Amino acid sequence: MPSIFSYQSAEVDWCEGNFERSTVIAEYYNTISNVSFFVLSPALLYLNRQYCQQRTLPLYFVSGLLFCVGIFSMYFHMTLSYVGQLLDELSILWTLAVAYSFWYPRVYFPRCIKSRKHFFWLSGVTTVISTLMSFIKPAFNAYALNCIAFHLLYLTWCELKKCNDKRVHRMAAVMVVWWVLAISSWISDRWLCGLWQAINFPYFHSFWHVLIAMSLLYCCPLVIYFDVNYEMPSFKPKLGYWPSDSWPVVVPYVALEEPHKQC
């Protein structure tokens with residue numbers, strides 16, 4: 001029986017051919033495409049530094065975990081090991097759990113939850129149980145994780161109904177476009193592998209890594225925008241674009257306007 005650390009001991013093998021471009025890296029392009037997460041984390045921290053100065057923990061925690069997602073995903077695709085697969089999937093699960101714990105709006109808390117601290121405990125217990133369940137059938141983990149996106153889209157829709165800022169609606173639309181492209185790439189690689197191998201282009205999972213990072217680059221400022229409205233009422237969030245609004249390709253961020261004068 002192969003070790004859980006052994007190459008190709010995972011239950012999942014993606015469409016890209018193994019060891020075609022390196023004797024050490026199993027899936028070459030699926031591995032190097034995770035560099036997008038190493039760019040994503042510092043970009044979020046730098047662009048949203050005003051928010052970080054006021055609320056230090058949430059974005060630092062989430063950005064650090066996104067960096068870990070990149071590391072573990074890189075390790076998984078390099079080795080296709082059982083341990084690598086679980087580290088990859090569980091790092092995503094815990095990143096989502098931390099993001100929910102910090103940013104889930106209080107107005108959507110279950111009635112039995114009376115405070116953010118109680119919600120932390122609920123998220124923690126749920127995530128621990130989910131972590132244990134992930135060992136039962138690891139091949140299903142990725143599907144379960146992707147289903148969480150539908151809840152995030154539903155929350156976004158609920159918040160947009162309360163928001164009249166056209167820039168926020170536009171940013172949400174761009175986020176959804178990136179996500180649709182990303183999930184389409186993921187599904188194509190998983191379900192249409194024979195087709196892509198037949199035309200010698202089995203690289204859609206590497207596209208998934210880049211496209212989902214682009215979606216998160218829009219998703220995180222959107223979540224921060226709503227979080228400022230809920231948790232920092234003395235500030236008004238304002239969307240900005242780096243490097244400039246006039247550029248054809250821009251990266252969004254949230255700036256905080258001066259505190260409102262109190263009567």
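Structure shown above.
Residues numbered from 1 in each chain as written. Predicted model: local features only at pLDDT ≥ 70, side-chain atom pairs only at ≥ 80, totals over all residues. Heavy atoms only, no water.

### Description of a nonpolar patch on the surface
- Taken together, the side chains of F140, Y143, I187, W191, L192, L195, I199, F201 and F207 define a hydrophobic patch exposed on the protein surface, amounting to about 870 Å² of accessible area.
- Of note, I187 is situated in helix α8 (residues 166–191). (Patch = residues over 30% accessible without salt bridge, like charges linked within 9 Å, V, L, I, M, F, W, Y side chains within 5 Å. Areas by Shrake-Rupley, 256 points an atom, 1.4 Å probe, with all protein chains shown as cover. Salt bridge = Lys/Arg side-chain N within 4 Å of Asp/Glu carboxyl O. Helix = DSSP H or I, 4+ residues; strand = E, 2+ residues; numbered from the N terminus.)

### A word on the packing of aromatic side chains
- With the rule as written, the count across this model stands at 21 aromatic pairs.
- Between F102 and F120, the aromatic rings sit 5.4 Å apart at their centres with planes inclined by 90°, giving edge-to-face as the arrangement. Linking F102 in helix α5 (residues 82–103) with F120 in helix α6 (residues 116–133), this pair joins segments that are 18 residues apart in sequence.
- Residue class for F102 comes out buried when judged on its relative accessible area of 12%.
- Ring plane angle 5° and centroid distance 6.2 Å describe the contact between Y104 and F109, whose orientation is recorded as stacked.
- According to the relative accessible area criterion, Y104 is buried, its value standing at 11%. (Phe/Tyr/Trp six-rings, centres within 6.5 Å; stacked < 30°, edge-to-face > 60°. Buried < 20%, exposed > 50% of the residue type's maximum accessible area, 1.4 Å probe, protein only.)

### Considerations on the nonpolar core
- In this structure, W103 and V168 are the most contacted members of the largest nonpolar core, which totals 53 residues.
- When neighbours within four sequence positions are excluded, W103 is seen to be in contact with Y51, R55, P58, L59, V62, R116, V223, I224 and D227.
- The next biggest cluster of nonpolar side chains, apart from the first, holds six residues, and it includes Y100, Y104, F109 and F119. (Core = buried A, V, L, I, M, F, W, Y, C linked by side-chain atoms within 4.5 Å. Contact = heavy atoms within 4.5 Å.)

### Structural notes on the pairing of strand β2 (residues 251–256)
- The buried count for β2 comes to five of six residues, which makes it a mostly enclosed element.
- When strand β1 (residues 237–242) meets β2, the two strands line up antiparallel, connected through six bridges. Looking at the pairing, P237 lines up with L256 of β2. (Pairing = 2+ DSSP bridges.)

### A short note on unusual backbone geometry
- Look at the link from W242 to P243: it is a cis peptide, with omega at 5°.
- Along the chain, P243 falls in the loop between β1 and β2.
- One non-glycine residue, Q8, adopts positive backbone phi at about 60°.
- The backbone of L80 sits at a positive phi, close to 55°, despite the residue not being glycine.
- Inspection of the secondary structure assignment puts L80 in the loop between α4 (56–79) and α5.

### Some points on the environment of A97
- Its location among the elements puts A97 in helix α5.
- For the pair formed by A97 and T126, sequence separation is 29 residues and the distance between their alpha carbons is 8.7 Å.
- Beyond its immediate stretch of four places on either side in the chain, A97 contacts S123 and T127.

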